[in-house]
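# Inside the fold
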Amino acid sequence: EPKVPSTLIGPEAFDGASDITASGDQWTSERIRPRDSLSKIFSRRDLPLDDLASVLADPKARRALAELRVGASVHFLIADKKLLGLSYPIDNFNTLKAIRQDKQFLVSIESITPEIKVATAAGRITRSLFTDLLEAGVSERLIMQFADLFGWDVDFVRDIKRGDQFKIVFEEIFKNGEKVGNGKILAAEFFNDGKRHRAFYFSGANGADGYYNQFGEAMKKAFLLAPLNFTKVSSRFNLGRMHPILNRIRAHKGVDYAAPMGTPVRAVANGKIDFAGVQSGYGNVLVLKHGDRYSTLYGHMMKFAPGISRGDVVKQGQLIGYVGKTGLATGPHLHYEFRVDGAHVDPLTAKLPQAIPLERKYLAEFHKRVAPAVNQLDAMSTDPGVHRETLVSKSDRSPASSAN
């Protein structure tokens, strides 16, 4: 059964309809409205609901038509108020078709192969990561992916500096010669504070599928450095801080991240929800347990993400809530705490657990596969000049040649 290409992620994968052809027959279209359902559309068309039930009897049709996209169209072939065919564009490259055969419908998914081109973007930070990447021609979705990619090594809240450099090699998806979206990042580089961080996409025969640095070490660590992107630290870990509302010394056992109301908050690691509710001055609080030793707390949130409840398991990077100012808060921000064996530690200086690298037997394949991407990054330039840069290894190894 044809599937949506794995390179297509996000709304830009669904901004067009597949071509509808059926031996010259006349197809008509019904545009999907907000809160529409297939039964409503069939009623507007005065089509029997028995035909709808017959189409949905096929599992492929049920999956494809489970969620209709507002603005897309369902296409019908109708003769004498009898449904002869139905067509629905699942995305730019896959179309569901149901053609009547006697009293039943033969359901199929017709697919076309996308054309994938490799594109590059590079530049320097002059204002902000988001603004400068956007001006370099990188989509918002890829900017977020870029930030997440290096989120285990670079704290984009406090580490980013004017003059930092970025390079990205990524996929562009075309249909009939027209670009319809972006795929995944193939290789990326971020030069920050004299250090060059690099990431390469690798999918090996051993089932490894993800991003690794030039040493074959996973970019994804057990913990993210911060639960937010594109914000700032407004109050640091301080056991002798004067509370801004209570006007007395009260230990600040975490870090405050100032951010606009509603900014998404993500889980810094895989874990289980230990508490979700109101907790004195912290307002709306979520506490995650990460195994036996580690836990994190997220306070003052406006609200939790839909479906969040105690005992649920969450994944690293998963949306868990939104920045607010509930409890004792002077303005919108996230209060974030990190605990080891029950004791509070400074989230900005805590030594975080590392991820497991590729097995040694796969390293040769990895280096062979990413060599072209390494050469491509080397050849890209953000501007004239020679910079001495240190290649960063997660296990603090240094390659024999680290300057260029």
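Residues numbered from 1 in each chain as written. Predicted model: local features only at pLDDT ≥ 70, side-chain atom pairs only at ≥ 80, totals over all residues. Heavy atoms only, no water.

## Notes on the overall build of the chain
We count it as follows: Numbering goes from the N terminus for both helices and strands, where a helix is a DSSP run of H or I of at least four residues and a strand is a run of E of at least two. Residue contacts are defined here by distance: any two heavy atoms, one from each residue, within 4.5 Å place the two residues in contact.
Within the chain, the secondary structure is distributed over 6 helices and 22 strands. In the chain, of all internal contacts separated by at least 6 residues, the share reaching a separation of at least 24 is 64%.

## Let's talk about the pattern of salt bridges
The criterion, for reference: Just to be clear on terms, a salt bridge is a Lys or Arg side-chain nitrogen sitting within 4 Å of an Asp or Glu carboxyl oxygen.
The final tally for this structure, using the stated rule, is 18 salt bridges. Between Asp36 and Arg44 there is a salt bridge, with its nearest N and O atoms 2.9 Å apart. A salt bridge links Asp378 to Arg198; its shortest N-O distance comes to 2.6 Å. With Asp378 in helix 6 (residues 363–379) and Arg198 in strand 9 (residues 195–203), this pair connects stretches of sequence that are 180 residues apart. Counted as one network, the salt bridges with shared partners bring together Glu30, Arg33, Asp36, Arg44 and Arg45.

## Topic: unusual backbone geometry
Cut-off, in case you're wondering: Only protein chains enter the area calculation, which uses a 1.4 Å probe; residues under 20% of their type maximum are buried, those over 50% are exposed, and those in between are partly exposed.
Despite not being glycine, Ser280 shows a phi value in the positive range, around 40°. By secondary structure assignment, the location of Ser280 is in the loop between strand 14 (271–278) and strand 15 (284–290). Since its relative accessible area comes to 64%, Ser280 is described here as exposed. Its identity as a non-glycine residue notwithstanding, Asp341 has a phi of 55°, on the positive side. Classification of Asp341 as exposed rests on a relative accessible area of 52%.

## A few points about the pairing of strand 3 (residues 82–89)
Selection rule: DSSP-based pairing: two strands are paired if at least 2 bridges between them are found.
Most of strand 3 sits out of view: 6 of its 8 residues are buried. Bridge count between strand 2 (residues 73–79) and strand 3: 5 bridges; the pairing is antiparallel. For Ala79, the partnering residue across the bridge sits in strand 3 and is Lys82. Count of turn residues in the strand 2/strand 3 antiparallel hairpin: 2 residues, of which Asp80 carries a positive phi of about 55°. Inspection of the sheet shows strand 3 paired to strand 4 (residues 94–101) by 5 bridges, in the antiparallel sense. For Gly85, the partnering residue across the bridge sits in strand 4 and is Ile99.

## Things to note about helix 2 (residues 49–56)
To keep it simple, the criterion reads: Directions are taken from the helix axis to each C-beta atom, and the arc is the one they span.
Of the positions making up helix 2, those classed as buried are Asp51, Leu52, Ser54 and Val55. Seen end-on, helix 2 carries its buried residues on one side only, within an arc spanning 160°. Against helix 1 (38–44), helix 3 (59–64), strand 3, strand 4 and strand 5 (104–111) lie the buried residues of helix 2.

## A word on the sheet that holds strand 13 (residues 264–266)
Ordered by their spatial adjacency, 3 strands build an open sheet running 13-19-17, and the pairing between neighbours is antiparallel. Pairing within the sheet leaves two strands with one partner each, and these edge strands are strand 13 and strand 17 (303–304). By the bridge criterion, 2 bridges tie strand 17 to strand 19 (residues 319–322) in an arrangement that is antiparallel. From the neighbouring strand, Lys303 faces strand 19, where its bridge partner is Tyr322.

## Looking at the confidence of the model for the chain
Note the threshold: As a per-residue measure, pLDDT reflects the predictor's confidence and takes values from 0 up to 100.
With 80% of its residues at a pLDDT of at least 70, the chain reaches an overall mean of 80. Within the chain, no element has a lower average pLDDT than strand 22 (residues 390–391), which sits at 54, and none a higher one than strand 17, at 96. Across residues 1–24, where pLDDT falls below 50, the model places 60 contacts with residues more than four positions away in sequence or in other chains. This model gives residues 384–389 a pLDDT under 50, and the stretch forms 14 contacts once residues within four places in sequence are excluded.

## Observations regarding the packing of aromatic side chains
Centre distance and the angle of the planes are the two values used to describe a pair of aromatic rings. Heads up, the rule is: Think of it this way: a Phe, Tyr or Trp ring, Trp meaning its six-membered ring, pairs with another when their centres are within 6.5 Å, and the plane angle makes it stacked under 30 degrees, edge-to-face over 60, tilted otherwise. Charge-over-ring contacts are defined here by two conditions on Lys NZ or Arg CZ: a distance within 6 Å of the ring centre and an angle within 35 degrees of the ring normal.
The full count for this structure, using the stated rule, is 12 aromatic pairs. Clustering of aromatic rings is evident, with ring pairs tying together Phe146, Phe150 and Phe190. When the ring centre of Phe174 is taken as origin, the NZ or CZ atom of Lys117, which lies over that ring, is 4.4 Å away. Over the ring of Tyr322 we find Lys303, and its NZ or CZ is 5.5 Å from the ring centre.

## Things to note about the nonpolar core
As a rule of thumb, soluble globular proteins bury nonpolar side chains together. What counts here: Buried residues of nine kinds, namely Ala, Val, Leu, Ile, Met, Phe, Trp, Tyr and Cys, make up a nonpolar core once their side-chain atoms join them within 4.5 Å.
Counting 30 residues, the largest nonpolar core has Tyr257, Val265, Leu286, Tyr298, Ile320 and Leu334 as its most contacted members. Counting only elements with at least two residues in this core, the list comes to strand 12 (255–258), strand 15, strand 16 (294–301) and strand 20 (333–340). Take this core: its biggest share by element is 4 residues, from strand 20. The residues contacting Leu286, other than those within four sequence positions of it, are Ile273, Phe275, Ala276, Thr296, Leu297, Tyr298, Met301, Phe304, Ile308 and Ile320.

## Overview of the sheet that holds strand 4
For the record, the criterion: Note on geometry: axes are lines fitted to C-alpha atoms, helical ones only across the stretch in contact, with angles between N-to-C directions running from 0 to 180 degrees.
Read across the sheet, 5 strands follow the order 1-2-3-4-5 without closing on themselves; strand pairing throughout is antiparallel. Pairing within the sheet leaves two strands with one partner each, and these edge strands are strand 1 (28–31) and strand 5. The average angle at which neighbouring strand axes cross in this sheet is 25°, direction not considered. Contacts from helix 2 reach strand 3, strand 4 and strand 5 within the one sheet, and its direction differs from that of strand 5 by about 55°.

## Section: the environment of Ser39
Looking at the element boundaries, Ser39 is found in helix 1. On a C-alpha basis, the gap between Ser39 and Leu52 in space is 7.5 Å, while along the polypeptide they are 13 residues apart.

## A word on helix 5 (residues 140–149)
Most of helix 5 sits out of view: 7 of its 10 residues are buried. Buried within helix 5 we find Arg141, Leu142, Ile143, Gln145, Phe146, Ala147 and Leu149. Looking at the buried positions of helix 5, the neighbouring elements they touch are helix 4 (129–135), strand 7 (165–175), strand 8 (178–192), strand 9 and strand 10 (209–212).

## Quick notes on the environment of Gly210
Relative to the assigned elements, Gly210 resides in strand 10. Sequence separation of Gly210 and Ala199 is 11 residues, and the distance between their C-alpha atoms is 9.7 Å. Setting aside chain neighbours within four positions, we find Gly210 in contact with Phe200, Tyr201 and Phe202.

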